[in-house]
Amino acid sequence: MVQRGLPILYRSEVPPIQAVWELFLTTGWNAEYKISMLDYERVLTASDMFEAAWAGEKLVGFGRAVSDTMLHAMIYDLIVHPAWQAEGIGTHMLESLVRRLRADGIRDIQLFCARGKRPFYEYCGFAARPDDGPGMYYVGIPKI
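None of the values given here were measured: they were computed from a predicted structure. Per chain, the residues get numbers from 1 upward, laid out in the order the sequence is written. Where local features are concerned, this predicted model is filtered to residues with pLDDT of at least 70; where side-chain atom pairs are given and counted, the filter is 80 or more; whole-chain, interface and lining totals use all residues. Only hydrogens and water are set aside; all other atoms, that is, all heavy atoms of the structure, feed into the side-chain values.

Visitor: Go over the pairing of strand β3 (residues 58-67), please, and point to the residues and values.
Guide: With seven of 10 residues buried, β3 is to be regarded as a mostly interior element. Strand pairing requires that DSSP identify at least two bridges connecting the strands. Think of it this way: any DSSP run of H or I at least four residues long counts as a helix, any run of E at least two long counts as a strand, and we number them from the N terminus. Summarising the sheet, strand β2 (residues 49-55) and β3 pair through seven bridges and their orientation is antiparallel. Bridge pairing in β3 links Ala52 to Phe62. Hairpin connection, β2 to β3: the antiparallel pair is bridged by two residues, and Gly56 has positive phi, about 65°. Each residue is assigned to one of three classes by its accessible area relative to the maximum for its type, calculated with a 1.4 Å probe on protein chains only: buried under 20%, partly exposed between the two thresholds, exposed over 50%.

Now the structure itself:
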């Protein structure tokens, strides 16, 4: 049960895996990924930077970044519990991650945008790559 009205406390550390896993499951992304909580724990171990939003004892927001420490960083899994969306939590977490990456000297910050969330990220200063811009993703080797 999420109790509205509690102050939000932000922490720049990885939360306990159970709390992150429960929040991750609210997204519906695991229907595609089909990973276990232990798999997701490995993902967190390989990440470099975290931002978590707590309402009392309840994790209501989470985001993470992976970086090469100089040129590129990628922000993943910016999640806000559905009952807490549109309260500024995602904006605060994203701004914190970007600010910290910039302070570390990262020159190129990218993110993985969930379907339907593009307007939010544009509002926060991100832009979709142009069709002729760099970047691709693997879809498999075509059969010849």
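This is not the end of the story, as more comes after the structure.
Visitor: Which residues make up the sheet that holds strand β5 (residues 108-111), and what values go with them?
Guide: The strand order across the open sheet formed by five strands is β1-β2-β3-β4-β5, and the pairing between neighbours is mixed. Looking at strand neighbours, the two that pair on one side only are β1 (8-11) and β5, the edges of this open sheet. Sheet twist, expressed as the mean angle between neighbouring strand axes with direction ignored, is 20°. Contacting β2, β3 and β4 (72-80), helix α1 (residues 17-25) runs over the sheet at an angle of about 95° to β3. Running at roughly 150° to β2, helix α4 (residues 89-103) makes contact with β1, β2, β3, β4 and β5 of the sheet. To define axes, lines are fitted to C-alpha atoms, for helices over the stretch in contact only, and angles between the resulting N-to-C directions are given on a 0 to 180 degree scale. In what follows, a contact means two residues having at least one pair of non-hydrogen atoms within 4.5 Å.

Visitor: I'd love a proper account of the pattern of salt bridges, names of residues and values included.
Guide: A side-chain nitrogen of Lys or Arg and a carboxyl oxygen of Asp or Glu constitute a salt bridge if their distance falls within 4 Å. Under the counting rule described, the total for this entry stands at three salt bridges. In this structure, Glu122 and Arg118 form a salt bridge, with 2.9 Å as the shortest nitrogen-oxygen distance. Taken together, the positions of Glu122 and Arg118, both in helix α5 (residues 118-123) and four residues apart, correspond to about one turn of that helix.

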